[in-house]
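# Per-entry structural report
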Amino acid sequence: MTHTSYRKAAAFALGSIFLLTILRTAWISDDAMITMRTVLNFEHGYGLRFNIDERVQAYTHPLWMFVLAAFSSITSNIYAGTFAASIVTSLLAYWLLLCKLGGLRGGAIAAGMALLLSKAYVDYATSGLENPLSHVLLIVSVLLAIRIDRAPDTRTLALFFGVVSLAYLTRPDALVLVFPLSLWVLYRCRYLPLKHVARSVVIGGLPAILWTLFSTWYYGFPFPNTAYAKLGTGIEWSERVRQGIRYLIQSADHDPLTLTVILAGLALGFTRDAVSRAISLGILLHIAYLLNIGGDFMEGRFLTVPLMAAAISIARQDLDFSGMSVVCGGVLLMGSASFKSTVLSTSEFDIPEVRANGISDERGYYFQKHGLLPALAGYEAPGKAFRFNQPDWTAYEYRVQPTCQLGALGLKSGPHVHLVDECALSDPLLARMPAKVNRHWRIGHFYRQFPTDYLKSLELRSNEIKDPAMRQYYEYIRLVTRGPLNHPARLKAIVKLNTGRVPLPDMEPYRTAFVPRVSGSQTATYRHLPKELSGSTWDSAANTQFSTNLDIQVEPPIPADWIDLSLSRDGAAEYAIYTLRQGAWQELARIPAQDSKGMGIHRIRAATSQDAPISAVRISVVQGDGRYALGHLRLD
């Protein structure tokens, strides 16, 4: 056999193993199910919205959302459609890399093997998220850039920026990586007539331009609601960078091949032609961006696009048989650390814990619930996968439900349950409020404090918010997201909101969680007495649920010797209790985790009556699984 025949055989073998691997590891993430709920609402005539009673873009990837809608329509099942879309698109990306861009060179075989053994790449070859489409568009943009580098012309230039525009609609921050490549393409076309270049750029950018105009008209805002939700985190830049470094360290620990290939492709790109150098600059920008935002809570998710960029540089290397064998041997050796998560992964794959740094193996966390293999195996025991039956989208049961798990709950509850996301991804008002202060913050999970009677407003479909300034602000939000599409008042409100002409309420009080104030009497009681807690569960209607901190204002301040309170014991919850005296917070006690459920009653020594009066009590979560609730609070 000739070397070409060997390469064809190797490419066919790699493609077959890759297909088998992604079938065995296929899963759907909870975040993808947010988009899937929008797809179901769209298919059933409710519009492109997550909650059917308000227009909010709760997805980041409009182009991928339409791809899911197309596959869902073909398969008549949202789960089957999502699996099919991910698998088909990932196969397309793999074929483009090996055959079209790599031309079956030795470098292409090495790059294909690297992707096959990368845990991050295999994890997000499915998942229902937009990664596969981002990979396809990145490869196509490089192919077009190579064509322009060889012979610049305005037609190819328009196609290039059309693909860049589609990449933006797949995930907006994809522009970070392709930005240097776009600059090079423009520079390479510098001798073409300027007006023709400008026209090509505008024509290519039409998909992004038209979608932005549509989004502004339909949703009231030019960018996804998720973008606004992530702008108000209040996390210092240095803290974000440290978290971003932790993200890279965890990847290096669990998936050493991925970062190694990224670094190798980065270095290699700087030694080759201008297109490769632009790709390497894009990788550097992407890593800097990743550090700036603090990485992600999904291990490896944001590394697959720079990994593909590095694989592109490697695939363009014309390695001879011996060179290819050496590189593939190194890839195989380093990739062996992740064999059990990639080519040897089974239906028993399960990594349910979340690390202290807040970064989780999302496929390991959800595979037993949302994995293709467990579903096909027919698991029906509690906690195992359901059979991916098409959700019932006809049942009517209107209610408002706060949650921080939008995806699976959104599909199970049907269209008429209004889910209020505590992290604000799907809520237009909360997305424009600051995140609550939390020293134990987790990237991607920034909780908001609900304005008083906000939930009541949603239940009654009116504006019942107590804070006058917040009520006025919410009135604009309601008009834009719920009002008649083309009403003049709504169109004016869109302009005012997007140009900063609507007065903002004082957001500072919402940075720290609070509950309605309690009376500063010697027996000030919040909610109910301990005797009423018998048999009470943490989510009983009488309890106040919270997520990070809970501040109880005491007016007027009073001296107190003791604090009596009851707190949820579910999920091994551990709490710290603070008091505010003369403007300074002091830690008073720690309530350790208990191996039991329900509400636990505690009596804490506050100080002597001669100490400064207590003006507030803070309950801060130290650790737990999210099931936190206060039953009562009494000072005496």
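Residues numbered from 1 in each chain as written. Predicted model: local features only at pLDDT ≥ 70, side-chain atom pairs only at ≥ 80, totals over all residues. Heavy atoms only, no water.

One pass over the full model with this rule turns up seven cavities of 30 Å³ or more. Computed from the structure, the largest cavity encloses a volume of approximately 130 Å³. Forming the walls of the largest cavity are 13 residues, and the residues nearest its centre are Arg171, Asp173, His286, Phe302 and Val305. Within the residue set of the lining of the largest cavity, elements represented by two or more residues are helix H7 (131–150), helix H15 (274–293) and helix H16 (304–315). It is H15 that contributes the most residues to the lining of the largest cavity, three residues altogether. Of the residues that constitute the lining of the largest cavity, the class distribution is six nonpolar, three polar and four charged. (1 Å grid on protein atoms, 1.4 Å probe; cavity = no way out; pocket = protein on both sides within 12 Å on 5 of 7 lines; lining within 4 Å. Points joined across faces, edges and corners; volume = space filled by probe spheres on them. Helix = DSSP H or I, 4+ residues; strand = E, 2+ residues; numbered from the N terminus. Nonpolar A, V, L, I, M, F, W, Y, C, P; charged D, E, K, R; others polar.)

The next subject is the packing of aromatic side chains. Each aromatic ring pair is specified by the distance between its two centres and by the angle formed by the two planes. Summed over all chains, the structure comprises 22 aromatic pairs. Between the aromatic rings of Phe42 and Phe66, the centroid separation amounts to 6.2 Å while the plane-to-plane angle is 80°, which identifies the pairing as edge-to-face. Taken together, the residues Phe42 in helix H2 (residues 30–43) and Phe66 in helix H3 (residues 62–75) connect sequence positions 24 residues apart. Each residue in the set Phe42, Tyr59, Phe66, Trp211, Phe214, Trp217, Tyr218 and Tyr219 is aromatic and connected to the rest through ring pairs, giving one cluster. Above the face of the Phe50 ring, Arg37 is positioned so that its terminal group lies 4.7 Å from the ring centre. (Phe/Tyr/Trp six-rings, centres within 6.5 Å; stacked < 30°, edge-to-face > 60°. Lys NZ or Arg CZ within 6 Å of the ring centre and 35° of its normal.)

Side chains of Val202, Ile203, Leu206, Ile209, Leu210 and Leu213 sit close together on the surface and give an oily, nonpolar patch of about 540 Å² of accessible area. Of all the secondary-structure elements, those providing two or more residues to the nonpolar patch are helix H10 (194–204) and helix H11 (206–218). Among the elements that make up the nonpolar patch, the one with the highest residue count is H11 (four residues). Along the chain, Ile203 turns up in helix H10. (Patch = residues over 30% accessible without salt bridge, like charges linked within 9 Å, V, L, I, M, F, W, Y side chains within 5 Å. Areas by Shrake-Rupley, 256 points an atom, 1.4 Å probe, with all protein chains shown as cover. Salt bridge = Lys/Arg side-chain N within 4 Å of Asp/Glu carboxyl O.)

What follows covers the pairing of strand S2 (residues 417–421). When a strand is regular, its side chains alternate between the sheet's two faces. With five of its five residues buried, S2 lies for the most part within the structure. Taking every second residue as pointing to the same face, both faces of S2 are buried, with Val417, Leu419 and Asp421 on one and His418 and Val420 on the other. Direction of pairing for strand S1 (residues 399–403) relative to S2: parallel, over a ladder of five bridges. Across the sheet, the residue bridging to Val400 is His418, located in S2. Note on the crossover from S1 through helix H20 (residues 406–413) to S2: the handedness is right-handed. (Buried < 20%, exposed > 50% of the residue type's maximum accessible area, 1.4 Å probe, protein only. Pairing = 2+ DSSP bridges. Right-handed = clockwise from strand over helix to strand, strands pointing away.)

The next subject is helix H23 (residues 488–498). Buried within H23 are the following residues: Arg490, Ala493, Ile494 and Leu497. The arc that holds the buried residues of H23, viewed along the axis, is 105°, so those residues lie on one side. Within H23, the exposed residues directed more than 90 degrees away from the buried face are Pro488 and Lys492. Against H11 and helix H22 (468–482) lie the buried residues of H23. (Arc of directions from axis to C-beta. Contact = heavy atoms within 4.5 Å.)

Glancing now at the environment of Tyr59. The topology assignment puts Tyr59 in the loop between H2 and H3. When its relative accessible area of 1% is taken as the criterion, Tyr59 is described as buried. Along the primary structure Tyr59 and Ala589 are separated by 530 residues, whereas in three dimensions their C-alpha atoms are 42 Å apart. Beyond its immediate chain neighbours, meaning those up to four positions away, Tyr59 contacts Thr35, Thr38, Leu48, Met65, Trp211, Tyr219, Pro224 and Thr226. Side chain to side chain, Tyr59 and Tyr219 meet in a polar contact 2.7 Å long. (Polar contact = N/O pair within 3.5 Å; in protein donor to acceptor, adjacent residues only side chain to side chain.)

Among the structural elements, His135 can be located in helix H7. Given a relative accessible area of 1%, His135 falls into the buried group. Here Thr304 takes part through its side chain, which lies 3.0 Å from a polar atom of the side chain of His135. The residues contacting His135, other than those within four sequence positions of it, are Ala93, Tyr121, Thr304, Val305 and Met308.

Per the counting criterion, the structure on display carries 20 salt bridges. Of the charged contacts, one joins Asp53 and Arg482 as a salt bridge, the two residues approaching to 3.7 Å between their closest N and O atoms. Separated by 429 residues along the polypeptide, Asp53 in the loop between H2 and H3 and Arg482 in helix H22 bring together distant segments of the chain. Note on Asp53: relative accessible area 16%, which makes it buried. Its salt-bridge partner being Glu587, residue Arg590 comes within 2.7 Å of it at the nearest N-O pair. A relative accessible area of 41% places Arg590 in the partly exposed class. When its relative accessible area of 40% is taken as the criterion, Glu587 is described as partly exposed. Members of the salt-bridge network, linked through shared partners, are Lys119, Asp123, Glu299, Asp361 and Arg363.

Along the chain, the position of Ala32 falls in helix H2. Ignoring anything within four residues of it in the chain, the contact list for Ala32 reads Ser127, Gly128 and Leu129.

Our next topic: the confidence of the model for the protein chain. For the protein chain, per-residue confidence averages 89 on the pLDDT scale, and 93% of positions sit at 70 or higher. Confidence over residues 380–385 falls short of pLDDT 50; this stretch has 12 contacts with residues more than four positions distant or in other chains. Predicted confidence for residues 520–528 stays below pLDDT 50, and this span has 36 contacts to residues more than four positions away or in other chains. (pLDDT = per-residue confidence, 0-100.)

This part takes up the nonpolar core. Ranked by size, the top nonpolar core spans 117 residues in total, and within it Leu97, Leu138, Val142, Phe160, Met308 and Ile312 carry the most contacts. Of the residues forming this core, the biggest block, 11 residues, is contributed by helix H4 (residues 78–101). With residues near it in sequence (within four places) discarded, Met308 still touches Ala93, Leu97, Leu115, Tyr121, His135, Leu138 and Ile139. Phe50, Leu419, Tyr454 and Leu497 belong to the second-largest nonpolar core, a separate cluster that totals 32 residues. (Core = buried A, V, L, I, M, F, W, Y, C linked by side-chain atoms within 4.5 Å.)

To continue, consider the packing of H7 against H16. Contact geometry of H7 with H16 gives a least axis separation of 10 Å together with a crossing angle of 30°. Considering only the axes of H7 and H16, their crossing is right-handed. Contacts between H7 and H16 involve Asn131, Ser134, His135, Leu138, Ile139 and Val142 on the former and, on the latter, Thr304, Val305, Met308, Ala309 and Ile312. A breakdown of the residues in the contact of H7 with H16 according to their chemical character gives seven nonpolar, four polar and no charged. (Axes fitted to C-alpha atoms, helices over the stretch in contact; angles between N-to-C directions. Left-handed = near helix turned anticlockwise from the far one by under 90°.)

Right, let's get into the packing of helix H8 (residues 154–170) against helix H9 (residues 174–188). It is at 10 Å that the axes of H8 and H9 come closest, and there the two elements cross at 170°. As summarised for this structure, H8 and H9 are arranged roughly antiparallel, according to the angle between their axes. On the side of H8, the interface is formed by Leu157, Phe160, Phe161, Val164, Ala167 and Tyr168, while H9 contributes Ala174, Leu175, Val178, Leu181, Ser182, Val185 and Leu186. Considering only residue class, the contact of H8 with H9 consists of 12 nonpolar, one polar and no charged. (Parallel < 35°, antiparallel > 145°, perpendicular 65-115°, else oblique.)

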